[in-house]
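Below, each chain spelled out in residue letters.
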Amino acid sequence: MRSMTSLIDAERYSRQIMISYFGEEAQEKLLKAKVVVIGAGGLGSPAIMYLAAAGVGKLTVVDFDTVEKSNLQRQVIHSGRIGWNKAESAKEFVESLNPDVKVKVLKEKIEPENVVRIIENHDVVVSCPDNFRTRFILNDACRILDIPMVHAAIYEFEGEAMTIKHSPCYRCVYPAAPPSKVPGIIGATAGVLGSIQAVEAMKIITGIGNTISGLLRIDLQNMEFFNINVKPNESCPVCSGRIKRIHLENYSDSCKVVKFD
Ligand SMILES: [Zn+2]
């Protein structure tokens, strides 16, 4: 039921509106927000699920990949949709969960040439790719455009998350990418980290609480959580303003910055 005084579906969101410091004010901010989720895989699935359930009004889902049977162990929003494009499948899931949410589907791979067009005009970027190159492209573009970004990555029982609103950024921690391979992943690890990304995005939008300071590292095999202090890296080419645009040359092999300004 929608209340007489606002357009908010008070029944749907009652359990979050009843939180005294959340209320209808925060709910309205969520309903007006525009969030882009890059990747509808292991991290993107829980992130999209909780952002949509919470009533984030506009979700852009970017994924060029197709749902495979081996994805369903962790990418639970794609249930029953093997063979679908993942962004299309995510839209189908969200529309059946919460009709308040408008989903825009982009069946694209993030590249230096399209990243600005894809992420501009969004309030938050939720970074859920499975490769370092996309993380670096997103980090650099978010800093240049001054859009908050919530990063996460997973490996077996482990994960990390970082919320980047200004310096330090992802490149302050990782100036270049290590060699990568397809990791084993426990599905619930993706669930934990993707859920953390959703709640971080909600806090950025509503202004409630404090986002992760530094780098959060999680080891679910031993159930240990670490908050690693991260200082701005003086030699970071992004935070020092030495790159002002996205250059293709900076995203080959290790993604080390070789072309400036
Ligand atoms: Zn930096």
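Residues numbered from 1 in each chain as written. Predicted model: local features only at pLDDT ≥ 70, side-chain atom pairs only at ≥ 80, totals over all residues. Heavy atoms only, no water.

Peer 1: Give a description of the nonpolar core that names residues and reports values.
Peer 2: Ranked by internal contacts, the top residues of the largest apolar core, which has 42 residues, are Val35, Leu51, Leu59 and Val126. Considering each element in turn, this core owes the most residues, seven residues, to helix α8 (residues 187-206). Discounting chain neighbours no more than four positions away, the residues touching Val35 are Leu51, Val56, Lys58, Leu59, Thr60, His122, Val124, Val126 and Ile205. Among the nonpolar cores identified, the runner-up in size contains 33 residues, and Leu106, Phe132, Leu138 and Val238 belong to it. (Core = buried A, V, L, I, M, F, W, Y, C linked by side-chain atoms within 4.5 Å. Buried < 20%, exposed > 50% of the residue type's maximum accessible area, 1.4 Å probe, protein only. Helix = DSSP H or I, 4+ residues; strand = E, 2+ residues; numbered from the N terminus. Contact = heavy atoms within 4.5 Å.)

Peer 1: Mind laying out the environment of Arg143, listing which residues take part and the relevant values?
Peer 2: With respect to the element layout, Arg143 can be found in helix α6 (residues 132-145). Taking the relative accessible area as the measure of exposure, Arg143 reaches 14% and is therefore buried. Sequence separation of Arg143 and Lys244 is 101 residues, and the distance between their C-alpha atoms is 9.1 Å. Setting aside chain neighbours within four positions, we find Arg143 in contact with Pro148, Ile164, Lys165, His166, Cys169 and Val238.

Peer 1: If you had to explain the packing of aromatic side chains to someone new, which residues and values would you point to?
Peer 2: Aromatic rings in a pair are described by how distant their centres are and how their planes are angled relative to each other. Summed over all chains, the structure comprises two aromatic pairs. Judged by centre distance (5.3 Å) and plane angle (65 degrees), the ring pair of Phe136 and Tyr170 falls under edge-to-face. Placement of the pair is Phe136 in helix α6 and Tyr170 in helix α7 (residues 170-173), with a sequence separation of 34 residues. Residue classification places Phe136 among the buried positions, given a relative accessible area of 0%. Tyr170 gets classed as buried once you look at its relative accessible area, which sits at 1%. One aromatic cluster is present, formed by Phe136, Tyr170 and Tyr174 through successive ring pairs. Directly above the aromatic system of Trp84 lies the positively charged group of Arg81, at a separation of 5.5 Å from the ring centroid. Cation over ring: Arg135 sits above Phe132, and NZ or CZ is 4.9 Å from the ring centre. (Phe/Tyr/Trp six-rings, centres within 6.5 Å; stacked < 30°, edge-to-face > 60°. Lys NZ or Arg CZ within 6 Å of the ring centre and 35° of its normal.)

Peer 1: How would you summarise α6 if you had to cite specific residues and measurements?
Peer 2: Taking 1.5 Å of rise per residue, 14 residues should cover 20 Å, and α6 covers 20 Å from first to last C-alpha, within 8% of that figure. For α6, the buried fraction is high: eleven of the 14 residues fall into the buried class. Turning to α6, its buried residues are Phe132, Thr134, Arg135, Phe136, Ile137, Leu138, Asn139, Asp140, Ala141, Cys142 and Arg143. Buried-residue contacts for α6 involve β1 (34-38), α5 (115-119), β4 (124-127), β5 (149-155), β6 (158-164) and α7. Measuring from the side-chain oxygen of the N-cap residue of α6 to the backbone nitrogen of Arg133 gives 3.3 Å; that N-cap residue is Asn131. Count one or two residues on from α6 and you reach Asp146, which has phi positive near 60 degrees. (Expected span 1.5 Å × (residues − 1). Polar contact = N/O pair within 3.5 Å; in protein donor to acceptor, adjacent residues only side chain to side chain.)

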